[in-house]
Amino acid sequence: MARVFSHLFQNVKPLSHRLDRPVRCGVARVAGWERLFHNTPGLYAFPRPKLSPQEVSQILRQNEGVVQVSGCGDHEWSPDEVTPAATYSIDSVDSNQLASNSPIEDKLAAARCLHTTGYLFGVFDGHGGPECSQVVAKRLFDYIAASLLPRSELRRVVAEWQAGSPVALTQVYNDNSMFVSELQEIYDASLLRYCNQLLTSVSEDFSMEEALARSFTQLDGDLGREVEENQRSAVLEPLVRVALSGSVACVAHVDGPHLHIANTGDCGAVLGSQRQDGGSGWQALRLTEDHTWENPLEVERVVSEHPPNEAENVVKDQRLLGLLMPFRAFGDFRFKWDREKLLSVIQRYADHNSIIPTSLTPPYLTAMPEVTYHRLRPHDRFLLMASDGLWECMSPLDSVMLVGEYMSGRQTLQPVRLPHHGVTLREVEQVLEQRLKGLSLKPVDTSAATHLIRHAIGVSDTGLDHARLSHSLTLPPEVRRYFRDDISIHVIFFDSNFLRVCPIEI
Amino acid sequence: MMASGTATLLRRINTHWKNASFILPSSCRSFHTGEPVSTDILQGRWVSSHQYQQLDLEENFASSKLVLDELPPKEAKVVVCGGGMVGTSVLYHLAMLGWGKDVVMLEQGRIGGASSWRGSGFLGGVKLTGPEMKILCKSKALAKELSDAGHDTGWKQCGGLHLARTRDRITHFRKMRAIAEANGTECYILSPEETAKKCDIINTSDLVGSFWVPNDGVCDPYKLTFTLLKLALEQGAHVVDECHLSRILVQNERVVAVETSKGMIECDYIVNTGGLWARNIGQMSEPQVKVPVHPAEHYFLYTQKLDGIDPMMPALRDPDGNIYIREFNEGFLCGGFEKWAKPSFEKELPGPLQDRELLEDWDHFFVMLKEMLFRVPVMKKAVLGCLYNTSCAFSADHRWILGMVPELTNYFVVGGLRSGGSSAAGGIGSMIAEWIVSGTPNMDAYDLDILRFLPAHNNGRFLLDRVREVPGIHYSIAYPFSDFTTGRCLRMSPIFPRLKAAGAVFGQVMGYERPSYFTHRSDGDSADYESTFNNEASIPFQIATTKTWTKPQWFDHAAKEYAACREGVALLDYSSFAKFDVWSKGNEVVQALQYLCSNDLDIPVGNIIHTGMQNSYGGYENDCSLARTAPNHYMMIAPSIQQTRCSTWLKRNLPSDGSVVMSDVTSMYTAICLMGPLARNVLSELTDEDLSPKAFPFFSFKEMDVGLANGIRAMNITHTGELGWVLYIPNEYAVHVYENLVSVGKNYNMLHAGYYAMRSLRIEKFYAFWGQDLDSTTTPLECGRGFRVKLNKDIDFIGREALEQQKKEGVKRLYVHLQLEDHNPEVDPWAWGGEPIYRDGVFVGVTTTTGYGFTLNNLICLGFVRNYDKNGNMDYVTPEYIMAGDYEVDIAGVRYSASVSLRSPSLPSKFPEPQGNRYLATQT
């Protein structure tokens, strides 16, 4: 197993796009990457592909992950686990990532709660370095799982822990990394402390919304507190890195027909449903709101939390304090601590970027999620969770349709659109030839998430285009970020048979 | 349903169009000139812009204002439903026959909107079957004639060039040339070099050769239809557009009126030329009329003007590439018939006519585009005008549908014209018009007649399945016995699974799966049927194919089966035969059948008789066997393909008082034929009935027990001239009887035999089959069956007068048996029907059916021999004339000499005939 931070600290870039000057980000975000292609000479001309179709597929697939939930009877359940129903609302989960930053700042997580009946899925999009998203992704689910435990169960777990035998709260899928032991000790202590806190100070009235919100804010608080309390630790530097980098998070909790989404920042979750009006089409239902300047409620909230004379600086250049794209996030303690605390805590790790001059009345940033609930219906076929790298390239409806038609195994291509004037048949032939190649590429993906990524980066006017895919995947690392962001996707397929017979009361 | 926004848009354009009377809105013309175009074009909506810019409103199109009727007349002799090209042609021909003022054509959309006003415009071509060929010639002649009379039809005699990429295609072309030359059409087979000279823009690198018809050409379908319409209107014909048909009112099996959105029209006849909607129009009457057509996408590509195109470039057909190309308005017009087409409007047909255009699927069309650009490389430089995805109606078997429907007596249909509207519409229109006016068709076109279908063919899902395959057939090589792979395993006899397990390879006839031949196991066959029964479901269904013009791959199987039929015993499935019970309370059935049949039906109970049912011209409407099962009850056996046609004929000619009842029992009985000299031994082990020739002679019938089953109708007749029985077994006993027969048959080395062996037997023995040799224009006197006609008795029957006259005057053709003499069946192409026959070097007719005679050891061709005088008119023919000639049969360009006979041959047999006088099916 890889030890996460032993290598990550060697090669951390000081800043990434979320903290960049707005003007640089504007290229990627406002102009749109496809504009660049339209300026290339010739009709749909691309440089000669550097990658073969097989190589493209190999690259796209290297981060593929799949979780088969329904119909896996070969699970070995330990006696103290809660066994999910034989059939479950989730059929399977396809996940995949494509890096733009190096190293990738996105993180995916999927886990089963071992003592309650739910599953947890998360997409974490880091900024200012990969540390915060990595740590949050690995820790948050335990915080949530603990919050969901009934008091008696929690008491038992805590007792066992204190007796020296730790109890796993979640079973994590597709993650083979672990923290270095010094960090692990600190994190374990924080979790235990949170559990005790739950037992002593939190009322017994359970609310899913509150449990999720509490887990988010508690973990975020712990990230800061752990730096303050471990000033002499050998792992202070990693702790500081985690606190100074940031991460947005979108977490789904699925328990039978109940779907809760807790969202902090600008990852998105979209539900794909089959249309019920007799048509065979698809509907996309957005279950999250982005916490960015584009959301007026968010702008209003942030501004209202600070004195009126700061209003101008709080949201500036479409960013929080002119710097940060998401308005809610884990970490980023530069936006949360005041100047004195910041300087005292991070000390020698401080540089000229550490102090934000316009930060007068912190905190400006919170990890508090917005929680939405949706009861799954038989025609809800899948949940799509993705970092904004996908949503920059594709609308929710387009992506739902791609996955929907991928499900039915159909060829999906937009009809050909030809210029209306003066196109010769030779040019038409060239366009169609390219489409034909695209068509032959299509069925290669066995993962819906890969399928989405392929389309997100490989579609030109003529359809799926190998030259464009190859081009996109072979961009030099230093310019790649201007064409696309990290992309991370979970596609959670529901078992419609289960949802059809699922009783109302559960 | 389409968005209402688009509907409004289209409506607006229509109004515009109407006002201008075929003048196109100027906004459309800008498409060509490159100015901003209307949104309709951007959306792929085609408003006849680019295509007709050439009209330029200067010629008669602009000056002539066609005046259509606002409202239809209250009554009319003929209502033509559907204003496409063929509807207009029917209207025109009716008007020319003097019915102008009494005919009305209804169009649900705007006149000129139907896709058949926009087809490829090809005229001419060569078809291997006579009626189709005649129709093509007539269409071409019509365009020429109108053009010569000074009308603008866009006719250009640019010649037709058919390209061949394979040897088999060339053989196909040689057959086409043989038949075309025999009919007086000038045509040539060209080498690739000669081909390049005819048309220098085509790539000939991969060609084997081509077929050149110099007198063929192209028209502008829009102009041609316009001219037909204009001329019909001048004769007083009525045309009403934007008129929706809602109901067809029927009384006593006759249409009496049609109800439209613009009022009711009383009428004497209706012609359903509804194109895509023909099947739906069929459903507007009670009883419903079945028109088995389904729409599929069909593409036309128009390019804009390209410098240097020869306006007289030949009409190119490249069937191996599934494409055609022609010059049109200084650009190209091309299209294709792809191997697997896309069905359209699967759920519901569009309402207003203009909505039929679908978004073009370039990816689907690409295969054809590639072929086009490969064939005519210069096309790459051409600027795209428009790709036009229209939907065309295709019939269930790809051939045109025409004729009078079986359900009603004054209701005609023309449908399934594919996109070949222009090549067929003229000829078909003339045929239907003459049929209506004179009461009888001017030619027999049974393989185009709507009576060839069963209700089963009208099943929507069947059609949907089938239509994917139908368009591609148009350009496929017409190999013998070609069959569809879709819509299979539809009608099956109860013993079908057993036959399949026994190695049957099937062909489809009237939807029925009939074994064509059996792939016998090498170990001497039937030994282990039991073991195969256990897993018969897992045995794959095999479709018979004959993808060659030479000796077929099934030859050895058929030879083995033939030998069993002649020298041992074989079991054949005859279940597809049409079977009817006809009876009455008293003697009425005998009287009725005496009137219907040309042979004397008053036979003793238990006897069987072959008879024709003639029409008033003496031609065969039906050719059947009748078994008298009781004094007032007959069972009729007719060819499979006659099922609809003969029941229609009977229904129309039996007493209208209902005293004689007819019932189609085809689906109630499984028919197993035991054929061969040992058939008696096999059957006798399973029944106590006395099967001796004396007790159960040839041409007799008994209802008897077989095995443990009863009620089996056994007929001592095999339809091939061999000894044997056909057992008509109630379906629930079929498997029982079959198993017993197979089990007993083992002791006699009984084989399964299929249709190909049976066909060889009957051809060799000179048995004529209806639909293959005989049709409604053939009289018994022409086909050596005068001995089956009761002219010597004083009994009136339909056609008697005509036959008496013919007997007096003589016949103008005679049915002959030709045995090829210098043909090497191992290497030479085979005759498969439709080959020209030459007598003393002069063309005298074509073969009808052909087959290998395994006893005579050569190819046998049956056909009719005529005597054409210098002017091409038919003279009388006598047996002496026939026997005096030296005969040759032209197979794909090579003439093989043949010996002629007018009588069924006596074949040598290991088993001497037990009965003294053999039955000779054909004798003169």
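Notes on the structure in this doc start here. Computed from a predicted model, the values in this text were never measured in an experiment. Every residue gets a number counted from 1 within its own chain, in the order that chain's sequence is written. Numbering of ligands from 1 and lettering of chains from A proceed in the order in which they are written. Given that the model is predicted, a residue must reach a pLDDT of at least 70 before its local features are reported, and side-chain atom pairs must reach 80 or more before they are shown or counted; all residues, however, enter totals for whole chains, interfaces and linings. Note that water and hydrogens are dropped before the side-chain values are worked out from all heavy atoms of the structure.

We now examine the overall build of chain B. Across its full length, chain B holds 24 helices and 37 strands. Taking all 924 residues of chain B together, the buried fraction comes to 63%. Using a 1.4 Å probe, the Shrake-Rupley method yields the accessible areas, and only the shown protein chains count as cover for residues. Accessible surface computed for chain B: about 32700 Å², of which carbon and sulfur atoms make up 50%. Only DSSP runs of H or I reaching four residues or more are called helices, and only runs of E reaching two or more are called strands; each is numbered from the N terminus. Residue burial is assigned from relative accessible area. The probe radius is 1.4 Å, only protein chains are included, and a residue is buried under 20% of its type maximum, exposed over 50%, and partly exposed in between.

So, about the packing of helix α4 (residues 53–61) of chain A against helix α17 (residues 466–473) of chain A. All names here are of chain A. Every angle, taken between N-to-C directions, lies between 0 and 180 degrees, and every axis is a line fitted to C-alpha atoms, over only the stretch in contact when it is a helix. As a packed pair, α4 and α17 sit with axes 10 Å apart at the nearest point and diverge in direction by 50°. In this view, α4 runs oblique relative to α17, as classed from their interaxial angle. Of the two possible hands of crossing, α4 and α17 adopt the one that is left-handed. Only His-466, Leu-469, Ser-470 and Leu-473 of α17 make contact with α4, whose side of the interface consists of Pro-53, Val-56, Ile-59 and Leu-60. Classes in brief: Ala, Val, Leu, Ile, Met, Phe, Trp, Tyr, Cys and Pro nonpolar; Asp, Glu, Lys and Arg charged; the others, Gly included, polar. Here the residues of the contact of α4 with α17 are counted per class, giving six nonpolar, two polar and no charged. Orientation is classified from the angle alone, with under 35 degrees giving roughly parallel, over 145 giving roughly antiparallel, 65 to 115 giving roughly perpendicular, and any other angle giving oblique. By convention, the crossing between two helices is left-handed when the near helix turns anticlockwise from the far helix through less than a right angle, and right-handed when the turn is clockwise. Every residue pair with non-hydrogen atoms within 4.5 Å of one another is taken to be in contact.

Glancing now at the pattern of salt bridges. Residues and elements named next belong to chain B. Each salt bridge in this description consists of a side-chain nitrogen of Lys or Arg and a carboxyl oxygen of Asp or Glu lying within 4 Å of one another. Tallying each qualifying case throughout the model produces 53 salt bridges over all chains. A salt bridge links Asp-206 to Arg-165, with the nearest nitrogen and oxygen atoms 3.7 Å apart. A residue pair is termed long-range when its members are at least 10 positions apart, and Asp-206 in the loop between α8 (192–198) and β6 (209–213) and Arg-165 in the loop between β4 (160–164) and α7 (167–182) qualify at 41 residues. You can call Asp-206 partly exposed: its relative accessible area is 26%. A salt bridge links Asp-623 to Arg-788; its shortest N-O distance comes to 4.0 Å. Residue Asp-623 is located in strand β24 (residues 620–630), and its partner Arg-788 is located in the loop between α22 (755–764) and α23 (800–809); the two are separated by 165 residues in the primary sequence. The residues Asp-623 and Arg-788 share a single accessibility class, namely buried. If you follow the salt bridges from partner to partner, you end up with Arg-165, Asp-206, Asp-318, Glu-371 and Arg-375 in one network.

So, about the pairing of strand β11 (residues 263–272) of chain B. Moving residue by residue along a regular strand, the side chains alternate between the two faces of the sheet. Residue and element names in this part refer to chain B. Being paired, for any two strands, means DSSP has found at least two bridges between them. Examined bridge by bridge, strand β1 (residues 75–81) and β11 share six bridges and lie parallel to one another. Each residue of the ladder has a partner; that of Val-80, found in β11, is Val-271. Relative to β11, strand β10 (residues 254–260) runs antiparallel, the two being bridged by four bridges. Its bridge partner being in β11, Ala-257 is matched across the sheet by Glu-266. Following β10, the chain reverses through two residues before pairing antiparallel with β11. As defined by bridge partners, β11 adjoins strand β18 (residues 411–415) across three bridges and the pair is classed as parallel. Paired with Asn-272 across the two strands is Val-413, which belongs to β18.

Nonpolar side chains in soluble globular proteins tend to be buried together. All names here are of chain B. What we call a nonpolar core is a set of buried Ala, Val, Leu, Ile, Met, Phe, Trp, Tyr and Cys residues that are connected through their side-chain atoms within 4.5 Å. Judged by nonpolar contacts, the single largest core of 69 residues is most densely connected at Leu-572, Tyr-574, Met-715, Tyr-728, Leu-818 and Ile-882. Ranked by residue count, the leading element in this core is helix α17 (residues 555–567), at five residues. With near-sequence residues (within four places) excluded, Ile-882 lies in contact with Leu-814, Val-816, Val-865, Val-877, Tyr-887, Val-900 and Leu-902.

Turning next to the sheet that holds strand β14 (residues 323–328) of chain B. Residues and elements named next belong to chain B. The strand order β5-β6-β4-β13-β14-β15-β12-β16 describes an open sheet built from eight strands, whose pairing is mixed. Two strands lie at the open edges of the sheet, namely β5 (188–190) and β16 (384–395), each paired on one side alone. For this sheet, the mean angle separating the axes of adjacent strands, direction not counted, is 20°. Relative to β6, β4 is paired through five bridges, and the arrangement is antiparallel. Bridging across to β6, Ala-164 finds its partner in Gly-209. Here α7 sits on the sheet and contacts β4, β5 and β6; the angle it forms with β4, its principal contact strand, is near 145°.

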